[in-house]
Amino acid sequence: MERVYFKGKECHTMGRFPVLGDKARCFTLTSSTFQDVELNDYRGKCVVLNIFPSLDTGVCAMTVRHFNEMASLLDDVEVLCVSMDLPFAASRFCAAEGIDNVEVVSAFRSPTFGRKYGVELIDGMLAGLFARAVVVIDGHGRVVYSQLVEEITTEPDYDKCYEAIKMLDRYGL
């Protein structure tokens, strides 16, 4: 269980958030075309999980836009933007925003994802949704960067995430 805040009010997550060196936990999520997306689909590639409560909030939408821009600068990196939003909503959002460098995926069919990654909010106003977090997984399935954002209404540290990805590239990992 982790502690985060939503507008200054304490809330908690279920499960353990991954840390540097952990083996990434397998998952199956749903794409905007209702296809299964699994971690194993990206074997050998760097995967960035941008996890957030909902595309219907300004900060969440901003993170997807930011990661979309970041992904356009990176080779062999897959960015998955993960929430409980339905694929219909994700498709509309991506079409309206011109999002095409990231994959917006849903955990609506996979309730265990939030518990496996320690991001499922179990109390507070957003209970049942995800806390804001970023997890970078190398091509060997190891966590090389993770940030559980303490205040859900703030953005993650994009610079540290980008540096972790560039470090992988620099050393050919």
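Scope of this entry: the structure provided in the associated data block.

Reading the values: rules and limits
Counting starts from 1 at the beginning of each chain's written sequence and moves along it residue by residue. Totals for whole chains, interfaces and linings use all residues, but because this is a predicted model, local features are given only for residues with pLDDT of at least 70 and pairs of side-chain atoms are given and counted only at 80 or more. Remark: hydrogens and water are excluded; side-chain values derive from all non-hydrogen atoms of the structure. Working definition: helices are DSSP H or I runs of at least four residues, strands are E runs of at least two. Numbering for both runs from the N terminus. To get the radius of gyration, use the C-alpha atoms; to get the globule rule, take the number of residues to the power 0.38 and multiply by 2.2 Å. Between buried and exposed lies partly exposed: a residue is buried under 20% and exposed over 50% of the maximum accessible area for its type, with that area taken using a 1.4 Å probe on protein chains only. The contact criterion used throughout is that any non-hydrogen atoms of two residues lie within 4.5 Å. Strand pairing is defined by DSSP finding a minimum of two bridges between the two strands. Handedness of a crossover is defined as follows: with both strands directed away from the viewer, a clockwise route from the first strand across the helix to the second makes it right-handed. Between rings of Phe, Tyr and Trp, where Trp is taken as its six-membered ring, a pair exists when centres lie within 6.5 Å; planes separated by under 30 degrees are stacked, by over 60 edge-to-face, and by other angles tilted. The distinction between a cavity and a pocket rests on a 1 Å grid over the protein atoms alone: a 1.4 Å probe fits inside a cavity but cannot get out, while a pocket stays open yet meets protein on both sides within 12 Å along at least five of seven lines, and a residue with an atom within 4 Å of a point counts as lining. Grid points are joined across faces, edges and corners, and a volume is the space filled by probe spheres set on the points. Put simply, Ala, Val, Leu, Ile, Met, Phe, Trp, Tyr, Cys and Pro go in the nonpolar bin, Asp, Glu, Lys and Arg in the charged bin, and everything else, Gly too, in the polar bin. Pairing of N or O atoms within 3.5 Å defines a polar contact, subject to two protein rules: one partner must be a possible hydrogen donor and the other a possible acceptor, and residues neighboring in sequence count only if both atoms are side-chain atoms. Of all possible arcs, the one meant is that of the directions from the helix axis to the C-beta atoms.

A few words now on the overall build of the protein chain. The number of helices and strands found in the protein chain is four helices and 10 strands. For the protein chain, the succession of helices and strands along the chain, N to C, is β-β-β-β-β-α-β-α-β-α-β-β-β-α. Computed over its C-alpha atoms, the radius of gyration of the protein chain comes to 15 Å, within 12% of the 16 Å expected for a compact globule of 173 residues. Along the longest, intermediate and shortest principal axes, the C-alpha atoms of the protein chain span 40 × 35 × 25 Å. Looking at the protein chain residue by residue over its 173 residues, the buried ones come to 50%. The contacts of the protein chain with a sequence gap of at least 6 include a subset with a gap of at least 24, amounting to 67%.

Looking now at the pairing of strand β5 (residues 46-51). Of all six residues making up β5, six are buried, and the element is well covered by its neighbours. In this sheet, strand β6 (residues 77-83) lies alongside β5 in parallel orientation, the contact comprising six bridges. Its bridge partner lying in β6, C46 is registered against V77. In this view, the connection linking β5 to its parallel neighbour β6 by way of helix α1 (residues 58-72) has right-handed handedness. Across five bridges, the pairing between β5 and strand β9 (residues 133-137) is antiparallel. Paired with I51 across the strands is A133, a residue of β9.

Once that is clear, we can look at the packing of aromatic side chains. The full count for this structure, using the stated rule, is seven aromatic pairs. Ring centres 5.6 Å apart and planes at 85° place the aromatic pair F27 and F113 in the edge-to-face group. With F27 in the loop between β2 (9-14) and β3 (28-30) and F113 in helix α3 (residues 112-116), the pair connects residues that are 86 residues apart, well separated along the chain. Its relative accessible area of 1% is what places F113 among the buried residues. Here F113 and F130 contribute two aromatic rings whose centre-to-centre distance is 5.6 Å and whose plane-to-plane angle is 55°, an arrangement assigned as tilted.

A few words on the layout of surface pockets. Volume-wise, the second largest pocket comes out at about 190 Å³. For the second largest pocket, the lining is made up of 15 residues, of which L39, N40, R43, H140 and G141 are closest to its centre. Its residues placed into classes, the lining of the second largest pocket shows six nonpolar, five polar and four charged.

To continue, consider the side chain of S54. Considering the arrangement of structural elements, one finds S54 in the loop between β5 and α1. With a relative accessible area of 11%, S54 lands in the buried category. A polar contact is formed between the side chain of S54 and the side chain of D85, at a distance of 2.8 Å. With residues up to four places along the chain from it excluded, the contact list for S54 reads C60, S83 and D85.

Before going further, it helps to examine helix α2 (residues 87-97). Of all the positions in α2, only P87, A90, F93 and C94 are classed as buried. Across the axial projection of α2, the buried residues extend over an arc of 125°, all falling on one side. In α2, those exposed residues whose orientation departs by more than 90 degrees from the buried face are F88, R92, A95 and A96. On its buried side, α2 packs onto β3, α1 and β7 (103-106). Of the residues flanking the end of α2, it is G98, one or two places downstream, whose phi is positive at about 70°.

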